[in-house]
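Descriptive structure summary
So you can see what is in the structure, the chains are spelled out below.
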Number of protein chains: 2
Amino acid sequence: MGRRLIFREDLREKIAGRHAALQKTMPRHLETQAVVPHGALIVDNPVGTAPGLILEHEKGFIISLPGVPHEMVAMFRETVFEFIRKAAGGYGAIRLRVLRTFGLMEPQVNDLIVDMMGTGKEPYIGLTAKETGVDVRINAFGKDEEGASRLIHATENRVRSRLGNAIYGVDRQTMEEVVGGLLREKGFRISVAESCTGGLIGHRLTNVPGSSDYFEEGVVCYSNPSKWERLRVPPEVIQKHGSVSALTAKAMADGMRQVSRTDLSLAVTGIAGPDGGTPEKPVGTVYIALATPKGTDGEEYRLTGTREVIKLKASQHALNMVRRFMLGK
Amino acid sequence: MGRRLIFREDLREKIAGRHAALQKTMPRHLETQAVVPHGALIVDNPVGTAPGLILEHEKGFIISLPGVPHEMVAMFRETVFEFIRKAAGGYGAIRLRVLRTFGLMEPQVNDLIVDMMGTGKEPYIGLTAKETGVDVRINAFGKDEEGASRLIHATENRVRSRLGNAIYGVDRQTMEEVVGGLLREKGFRISVAESCTGGLIGHRLTNVPGSSDYFEEGVVCYSNPSKWERLRVPPEVIQKHGSVSALTAKAMADGMRQVSRTDLSLAVTGIAGPDGGTPEKPVGTVYIALATPKGTDGEEYRLTGTREVIKLKASQHALNMVRRFMLGK
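Structural notes, computed from the coordinates. It should be emphasised that the depicted structure is a prediction, and the values quoted were computed from it without experimental measurement. Counting restarts for each chain: residues are numbered from 1 in the order of the written sequence. Chains and ligands are labelled sequentially in the order written, the chains with letters from A and the ligands with numbers from 1. Only residues with pLDDT of 70 or above have their local features reported here, since the model is predicted, and side-chain atom pairs are shown and tallied only from 80 upward, although totals for entire chains, interfaces and linings are computed over all residues. Note that water and hydrogens are dropped before the side-chain values are worked out from all heavy atoms of the structure.

1. What about the overall build of chain A?
Strands here mean DSSP runs of E at least two residues long; helices mean DSSP runs of H or I at least four residues long; both are numbered from the N terminus. Along its length, chain A carries ten helices and 14 strands. Over its C-alpha trace chain A gives a radius of gyration of 26 Å, far above what one expects of a compact globule, namely 20 Å for 329 residues. C-alpha atoms of chain A, sized along the principal axes, occupy 75 × 60 × 40 Å. Counting only residues that meet the buried cut, chain A has 50% of its 329 residues in that class. Where accessible areas are quoted, they stem from the Shrake-Rupley method and a 1.4 Å probe; at the residue level, only the protein chains shown are allowed to cover. When the accessible surface of chain A is split by element, carbon and sulfur atoms take 53% of a total near 15700 Å². For the purpose of charge, His is not counted, nor are the chain termini; Lys and Arg are scored as positive and Asp and Glu as negative. Charge positions are represented by NZ for Lys, CZ for Arg, CG for Asp and CD for Glu. Treating the 44 positive side-chain charges of chain A as one cloud and the 38 negative ones as another, the clouds have centres 1 Å apart. In this setup the radius of gyration rests on C-alpha atoms only. A globule is expected at 2.2 Å times the number of residues raised to 0.38. Using a 1.4 Å probe on the protein chains alone, a residue whose accessible area is under 20% of its type maximum counts as buried, one over 50% counts as exposed, and one in between counts as partly exposed.

Structure follows, in structure tokens:
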């Protein structure tokens, strides 16, 4: 582009001010963040020091943002999105609605709504398979936002009538948000006893702001003594059936509910791999139990994937078990 | 491209076989996975059904892989990478070495090695800032792998002499892997008591295969009763200093070490936000304590970012505290 660089004193002051709020000494290098191409529009960085830049170029714009993910996201949300909208002239509207499913494979979801899909169909429906389930993405283009939303709405209802309770949430909602919302609504408190998931379920539940309203506590009982001492799992149950077994999962859930005095207790034990599998219980074998005021239920899964994928899938199945219980109430 | 599509019976059989191993009924839609462009090279999918495709096109290739992340990664590693290497004629070698640092801001790392950086310098050094620290990326291009590695090696030593212990790992190593390696080496066992991180530290430690060798257990003490009952934190400590305080963190670490009888116990309490901050203890205030055979140390942090970023940074600081203790031994 060959633009001349200018050192903008005003920008330097701003960067120094922001940096002073973050820590005491200002490294020399920060000064270079105030050197920007002549004529550049500065994008304010609300969570860091490096500014963003917008440059007109030929028929369009070049938008440059810092690479630190949360800085980039904050700047895009606060400034850049609105800038692009205005630059695009504000004509037309695209609306995206995501219906998030869990428990069905991608080809099964496809089979259930195949008549609504395909090139040229309006709105356009696409599927995205992730470890946490299959997302149904409904894209509509309308003259304005209302028109696009109307198109989405009708299609969403049709998809919902086909997929029913396999849909656990919409758009960016996560399983843990949905479960948290259901627990809050009914005033239930929950505790979790995790072996193979290692704390992931607690982590996911506590990613939701305000989760202390319904999340009491968790125990990551990675060793056998932890299962005996923290959760009162009878040593003979582990001896007889193994620490990865339906009865151990049930005893973990019951013990957790007893010691924490919560309405619900969720327990998971399994073999996340890559080692530890046997012919009877291969890697991916996972037992989940949910203790409730109505009794304790258990489920068994054979999951595939890497260690981290198995942990993630197990946590999703476990949270979905809570969701199903809460919906059934 | 206008290529004619063919239905490949042999591929269909393969897909059906793979699918049968995964579940019993084969949805109609899977059959379409056997329809591929004529002349396409089939990339085997070791962990799913959808095959990948490689097509010659003009001067290069088009490589198409399924979108499910772990399937795409597995296929790239097993087949595609070697295909590209061969297609590129095998001339020359690019080597990348990543030195992962924690505890320094990007401009600070920059200041320490600025004389080694810049356009035209060989090897080329770039910095990537993440929530888990700043990565120093050393890129070298040589006539062969040995030449490239030699270039990397010399530069790596120079960078190491500048950054010292701020470097916790290399390439894809994570803090939890490094900490796990140190614990295993010295035969130490660890337990964790997590409040604001909600299970993330346990999750991270147990992402490492074989972590049951050194990870005993964790308690996610999200409520005050959990801190009293599971960790023997004296209620008067919480009453007087608050559940987010240096003394509560210390009592959590001491209590965890007592009940779990591990060599080390790590404890974290803080305010992950977005609510719950006060003028004295704003969102991002985090107390970390590490109980060891030599006594219990505590640290205080003011972290910035969203709830999830604060949890991640707190877990990284906490694991780094264990690393520093193990290195100091």
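2. Things to note about the sheet that holds strand 5 (residues 60-64) of chain A
All names here are of chain A. Strand pairing is assigned whenever DSSP detects at least two bridges linking the two strands. The sheet built from three strands is open, its strands ordered 3-4-5 with antiparallel pairing. Because the sheet does not close on itself, it has two edges, and the strands there are strand 3 (41-43) and strand 5. Here the strands of the sheet are splayed against their neighbours by 25° on average, with no regard to which way each runs. Where strand 4 (residues 52-57) lies against strand 5, five bridges are found, and the strand directions are antiparallel. Where helices are involved, their axes are fitted lines through C-alpha atoms of the stretch in contact, as for all axes, and angles between N-to-C directions lie from 0 to 180°.

3. Comments concerning the interface of chain A and chain B
Any two residues whose heavy atoms approach within 4.5 Å at even a single point are treated as in contact. On the side of chain B, 52 residues touch chain A, which itself brings 52 residues to the contact. Here the buried area means the combined drop in accessible surface, using a 1.4 Å probe, for two parts upon being joined, counting both sides. Both sides together, the interface formed by chain A and chain B hides about 4400 Å², and carbon and sulfur atoms give 53% of it. Looking at the side of chain A facing chain B, the largest losses of area belong to A:H70, A:Y222 and A:R230, adding up to 12% of the total buried there. For salt bridges, the criterion is a side-chain nitrogen of Lys or Arg within 4 Å of an Asp or Glu carboxyl oxygen. Where chain A touches chain B, the interface holds four salt bridges. Note that A:E229 and B:R261 form a salt bridge whose closest N and O atoms lie 2.9 Å from each other. N or O atoms closer than or at 3.5 Å make up a polar contact, with two conditions inside protein: a donor-capable atom paired with an acceptor-capable one, and, for residues adjacent in sequence, both atoms drawn from side chains. Summed over the shared surface of chain A and chain B, the number is 28 residue pairs in polar contact (both at pLDDT 80 or more). Gly falls in the polar group here, along with every residue not listed as nonpolar (Ala, Val, Leu, Ile, Met, Phe, Trp, Tyr, Cys, Pro) or charged (Asp, Glu, Lys, Arg). Split by residue class, the side of chain A that touches chain B holds 19 nonpolar, 21 polar and twelve charged. One ladder, built from three bridges, connects strand 11 (residues 215-220) of chain A with strand 11 (residues 215-220) of chain B; its direction is antiparallel. By the bridge assignment, A:G218 is partnered in strand 11 of chain B with B:V220.

4. What about the relation of the copies chain A and chain B?
Fitting of the copies onto one another was done by least squares over C-alpha atoms, counting residues only where both copies have pLDDT of at least 70. Structural alignment of chain A on chain B gives an RMSD of 0.1 Å, achieved by rotating through 180° and translating 0.0 Å along the axis. Given the turn and translation reported, the copies of this chain are related as if by a two-fold rotation axis. Same-surface contact between copies: 100% of interface residues of chain A are shared with the interface of chain B.

5. Points about the sheet that holds strand 9 (residues 167-170) of chain A
Residues and elements named next belong to chain A. Ordered by their spatial adjacency, four strands build an open sheet running 7-8-6-9, and the pairing between neighbours is antiparallel. A strand with exactly one partner marks an edge of an open sheet, and here the two such strands are strand 7 (124-130) and strand 9. Between one strand and the next, the sheet's axes are offset by a mean angle of 25°, whatever the strand orientation. As paired strands, strand 6 (residues 93-101) and strand 8 (residues 133-142) are joined by nine bridges and run antiparallel to one another. Bridge pairing in strand 8 links R100 to D135.

6. Concerning the side chain of A:R230
Turning to its location among the elements, A:R230 is positioned in helix 7 (residues 224-231). Only 2.6 Å separates the side chain of A:R230 from the side chain of B:E217, close enough to count as a polar contact. One polar contact links the side chain of A:R230 to the main-chain carbonyl oxygen of B:V259, over a distance of 3.3 Å.

7. Digging into the pairing of strand 13 (residues 285-292) of chain A
Residues and elements named next belong to chain A. Of all eight residues making up strand 13, eight are buried, and the element is well covered by its neighbours. Covered by surrounding structure in strand 13 are T285, Y287, A289 and A291 together with V286, I288, L290 and T292, the residues of both alternating faces. Sheet topology places strand 12 (residues 264-270) next to strand 13; six bridges connect them, and they run antiparallel. The residue of strand 13 that forms the bridge with T269 is Y287. Strand direction decides the pairing type here: strand 13 and strand 14 (residues 295-302), joined by eight bridges, are antiparallel.

8. Thoughts on the environment of B:D44
Residues and elements named next belong to chain B. Residue placement: D44 occurs in the loop between strand 3 (41-43) and strand 4 (52-57). As a C-alpha pair, D44 and I15 span 29 residues in sequence and 9.9 Å in three-dimensional space. Among residues more than four places away in sequence, those in contact with D44 are K14, R18 and M75.

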